[in-house]
Amino acid sequence: MDTNIQKEEFSYAYIYAIASAAGYTFQLSPRSVDISCIDASIASITTDEAFYEPRLDLQIKSTSRNVISDNQIRYPLRIKNYNELRKEKTLAPRILVVVLIPDNPDLWVQQSETELCLRNCAYWISLRGMPETQNTDNITVYLPQQQILTIDALKTLMQRIETGGIL
């Protein structure tokens, strides 16, 4: 398998594990939706307090490069992706998720009879409402290092969506 496809598939599995553990569904997008820069969606059932069924759309990237400095993850994002993610009028909120993984695929997963460890970490950011750019190919996006996509972080995001909050 091509290394980039292998990284992509691993990043989907990583986020799928987080969504499942949080009690949400995870669905990869069909190609027609992926053209709009949505790789996957996370959804939940509604509660009596909800305005609608909460759904979160994700653009998922992965890298094994050293992109951390000054408590930020620097990620070069294609302008098309940036523009799709910064839209304010979308049916579901959209976030960028960057999964950092070791360079060596042998280090991505450690398992035993008692645990399954996926390496290393996923970070998220909402680009909603970000300004236009004059760049024509890429723009460097800065994800705060404290915005780790954990089970609790995902639950908080979904609760905000469920009650009509903006990401």
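Given the structure is predicted, the values throughout are model-derived calculations rather than measurements. (Residues numbered from 1 in each chain as written. Predicted model: local features only at pLDDT ≥ 70, side-chain atom pairs only at ≥ 80, totals over all residues. Heavy atoms only, no water.)

Asker: Looking at this structure, how should I read the overall build of the chain?
Answerer: A count of helices and strands for the chain gives four helices and 10 strands. If you list the helices and strands of the chain from N to C, you get α-β-α-β-β-β-β-α-β-β-β-β-β-α. What you see for the chain is a C-alpha radius of gyration of 16 Å, in line with the 15 Å of a compact globule of 167 residues. Along the three orthogonal principal directions, the C-alpha set of the chain runs to about 45 × 45 × 35 Å. Counting across all 167 residues of the chain, residues that qualify as buried make up 43%. Taking as baseline every contact in the chain between residues at least 6 positions apart, the subset at least 24 positions apart corresponds to 63%. Of the roughly 9700 Å² of accessible surface on the chain, 47% is carried by carbon and sulfur atoms. Mean positive and mean negative side-chain charge positions of the chain (16 and 20 charges, respectively) differ by 7 Å. (Helix = DSSP H or I, 4+ residues; strand = E, 2+ residues; numbered from the N terminus. Rg over C-alpha atoms; globule rule 2.2 N^0.38 Å. Buried < 20%, exposed > 50% of the residue type's maximum accessible area, 1.4 Å probe, protein only. Contact = heavy atoms within 4.5 Å. Areas by Shrake-Rupley, 256 points an atom, 1.4 Å probe, with all protein chains shown as cover. Lys, Arg positive; Asp, Glu negative; His and termini not counted. Charge placed at Lys NZ, Arg CZ, Asp CG, Glu CD.)

Asker: Sorry if this is basic, but what is going on with unusual backbone geometry here?
Answerer: Outside of glycine, negative phi angles account for most residues, and trans bonds account for most peptide bonds. Asparagine 120 follows arginine 119 through a cis peptide bond whose omega is 5°. With respect to the helices and strands, asparagine 120 occurs in the loop between strand E8 (116–118) and strand E9 (121–125). Positive phi, normally seen in glycine, also occurs at aspartate 70, with a value near 50°. Along the chain, aspartate 70 turns up in the loop between strand E4 (68–69) and strand E5 (72–78).

Asker: Please explain the side chain of arginine 94 as it appears in this structure.
Answerer: By the element assignment, arginine 94 lies in strand E6 (residues 94–100). Here the side chain of arginine 94 touches glutamate 84 through a polar contact of 3.0 Å, landing on its backbone oxygen. Those residues within four positions of arginine 94 in sequence are excluded, and the remaining contacts are Ser36, Ile38, Asp57, Glu84, Leu85, Lys87 and Ser126. (Polar contact = N/O pair within 3.5 Å; in protein donor to acceptor, adjacent residues only side chain to side chain.)

Asker: Can you help me understand helix H1 (residues 3–22) in this one?
Answerer: Residue pairs three or four apart in sequence face the same way in an α-helix, which turns once every 3.6 residues. With 20 residues, H1 extends 29 Å from end C-alpha to end C-alpha; this agrees with the ideal 28 Å at 1.5 Å per step. Among the residues making up H1, those that are buried are Lys7, Phe10, Ser11, Tyr12, Tyr14, Ile15, Ile18, Ala19 and Ala22. Where H1 begins, the side chain of aspartate 2 points an oxygen toward the backbone nitrogen of asparagine 4, at a separation of 3.0 Å. Backbone geometry just downstream of H1 places glycine 23 in the positive-phi region, at approximately 95°. (Expected span 1.5 Å × (residues − 1).)

Asker: I tried to follow the sheet that holds E6 on my own but got confused; where do I start?
Answerer: The strands that make up a sheet pair up through hydrogen bonds in the backbone, lying either parallel or antiparallel. Taken together, the five strands give an open sheet; going across it, the order is E1-E2-E3-E6-E9, and neighbouring strands pair in mixed fashion. Of all strands in the sheet, those with a lone pairing partner are strand E1 (25–28) and E9, marking the two edges. The average undirected angle you get between the axes of adjacent strands in this sheet is 30°. Relative to E9, E6 runs antiparallel, the two being bridged by five bridges. The residue of E9 that forms the bridge with valine 99 is alanine 122. Each of E1, strand E2 (40–43), strand E3 (55–63), E6 and E9 is contacted by H1, which is oriented at about 140° to E3, the strand it contacts most. Of the strands in this sheet, E2, E3, E6 and E9 are in contact with helix H4 (residues 151–162), which crosses E3 at around 145°. (Pairing = 2+ DSSP bridges. Axes fitted to C-alpha atoms, helices over the stretch in contact; angles between N-to-C directions.)

Asker: Whenever I open this one, the sheet that holds E4 confuses me. Can you help?
Answerer: Read across the sheet, three strands follow the order E4-E5-E10 without closing on themselves; strand pairing throughout is antiparallel. Of all the strands in the sheet, just E4 and strand E10 (138–144) have a single pairing partner and so form its edges. Across two bridges, E4 lies against E5 in antiparallel orientation. From the neighbouring strand, isoleucine 68 faces E5, where its bridge partner is isoleucine 73.

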